[in-house]
Amino acid sequence: MMIRSLTLPPSDTDVDAWTAVLAAAQSTDLPDVPAPTRSETAGRLRVRPARARHVCWAADEGVAALLLFTDEGNTHTAFLDVLAVRPEARRRGVGTALWERVRAELLAQDRTSVSAMVDLDGPGRRFAQSLGFENVLPLAWYVRDLPVGTPAPGPAAPAGYELLTWHGLVPDGWAPAAAAAHGAMEDAPSGDMDEQTQSWTAQRLHAAQQLILDRGGEMVTVAAVTAAGEVAAYTEVALADPSGPRALQYDTVVVPGHRGHGLGRVVKLRMEAELAGRYPALRQIATTVADENAPMRAVNEAVGYRRERAAGIFQLKL
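On a predicted model such as this, the values are computed, not experimentally measured, just so you know. (Residues numbered from 1 in each chain as written. Predicted model: local features only at pLDDT ≥ 70, side-chain atom pairs only at ≥ 80, totals over all residues. Heavy atoms only, no water.)

Trainee: What am I meant to see in the overall build of the chain here?
Mentor: A count of helical and extended segments in the chain gives eight helices and twelve strands. Along the longest, intermediate and shortest principal axes, the C-alpha atoms of the chain span 65 × 45 × 35 Å. The buried share of the chain, reckoned over its 318 residues, is 48%. Partitioning the contacts of the chain with sequence separation of at least 6, the portion at a separation of at least 24 is 72%. (Helix = DSSP H or I, 4+ residues; strand = E, 2+ residues; numbered from the N terminus. Buried < 20%, exposed > 50% of the residue type's maximum accessible area, 1.4 Å probe, protein only. Contact = heavy atoms within 4.5 Å.)

Structure representation (structure tokens):
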């Protein structure tokens, strides 16, 4: 078995091989979850993350990708974005060999911890625990199945608020207020993760959204705003492949001073109407919520999300 460092940006052949490994692994581990499309895979491999350096390795039987954070306060840690092995090649040391390459890079870059998103019912949990990873933030995936047919227009905003929809980047005039609203995520559960939350600015918000666009995806934001120019609540959805069947719900936030008016439910339902009318191939919106985040789980349940599978952020101290 030969493991090689993947030259970035990769060739078409490398993208095809990487996509095939992910599809094979997911068809066995998560047969009901759409595998990443080639377009999505190409975007993630070819466009550098906004706040990290990407390092990738490939073998015929498996692939691995590591994000080495470059933002201030997080240069001691990293995120294992991918470690996947073809089902027919498992239990032959492929995953262990890929992990050894990842671990060597972590040590060479003076990283003292690494985290990964792990599904609890799949082989990844057993493998992670065998390496010493611990679940520091239990969470679950939730899915909303979009209705087929002509979408409902979505609810109106409560008195004192207006609903705005932005496709792509948040407009410059609203970016500072949107960044301030993102700051309200700081009270969301984060477990014992080493990764430090960074302050949101208009520039950071635009960089995060631009990354989705540069990778060939699309970004949609629905916000409840006030006459004073405040973003009181918002929800974001990213479509890594706009022609694909599943979108990813990013943040949904209601700023503390505006809670209790049903704004979380309103922006989510308006988002569904926007997506259903614009992306005919879209069938589902998926999101993760920490187990201890009872308010957001309640909002999701109220708009029709169902629990799909248990997961967690697993972390290893090096």
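Trainee: Before we go on, may I ask you to explain the packing of aromatic side chains in this structure?
Mentor: The relative placement of two aromatic rings is captured by the distance of their centres and the angle of their planes. Going through the model one piece at a time under the given rule, you end up with two aromatic pairs. Centre to centre, the rings of Trp99 and Phe133 are 5.6 Å apart; their planes meet at 65 degrees, and the pair counts as edge-to-face. Of the two residues, Trp99 is situated in helix α3 (residues 94-108) and Phe133 in the loop between α4 (123-131) and β6 (134-145); the sequence distance between them amounts to 34 residues. Residue Trp99 shares its accessibility class with Phe133, and that shared class is buried. With a centroid separation of 6.0 Å and 40 degrees between ring planes, the pair formed by Trp166 and Trp174 is classed as tilted. Given a relative accessible area of 22%, Trp174 falls into the partly exposed group. (Phe/Tyr/Trp six-rings, centres within 6.5 Å; stacked < 30°, edge-to-face > 60°.)

Trainee: Would you take a moment to explain the packing of helix α7 (residues 263-278) against helix α8 (residues 294-302) for this structure?
Mentor: How two helices sit against one another is set out by the angle between their axes and by the gap between those axes. For the pair α7 and α8, the least separation of the axes is 10 Å and the interaxial angle reads 45 degrees. Looking at the two axes, α7 sits oblique to α8. Judged by the twist between their axes, the crossing of α7 over α8 is right-handed. Here Gly264, Arg265 and Lys268 of α7 lie close against α8, whose contacting residues are Met296, Val299, Asn300 and Ala302. When the residues that make up the contact of α7 with α8 are grouped by side-chain class, the tally is three nonpolar, two polar and two charged. (Axes fitted to C-alpha atoms, helices over the stretch in contact; angles between N-to-C directions. Parallel < 35°, antiparallel > 145°, perpendicular 65-115°, else oblique. Left-handed = near helix turned anticlockwise from the far one by under 90°. Nonpolar A, V, L, I, M, F, W, Y, C, P; charged D, E, K, R; others polar.)

Trainee: I tried to follow the sheet that holds strand β5 (residues 113-119) on my own but got confused; where do I start?
Mentor: For sheets, the rule is that strands pair by backbone hydrogen bonds, running either parallel or antiparallel. Spatial strand order, β1-β2-β3-β4-β5-β12-β6-β11-β10-β9-β8-β7: twelve strands in an open sheet with mixed pairing. The outermost strands of the open sheet, each flanked by one partner alone, are β1 (4-5) and β7 (162-167). Direction of pairing for strand β4 (residues 77-85) relative to β5: parallel, over a ladder of three bridges. The residue bridging Thr77 from the neighbouring strand is Ser113, located in β5. Those strands touched by helix α5 (residues 175-182) are β9 (231-239) and β10 (246-254), and its axis lies near 90 degrees from that of β9. (Pairing = 2+ DSSP bridges.)

In short, geometric facts, not functional conclusions.
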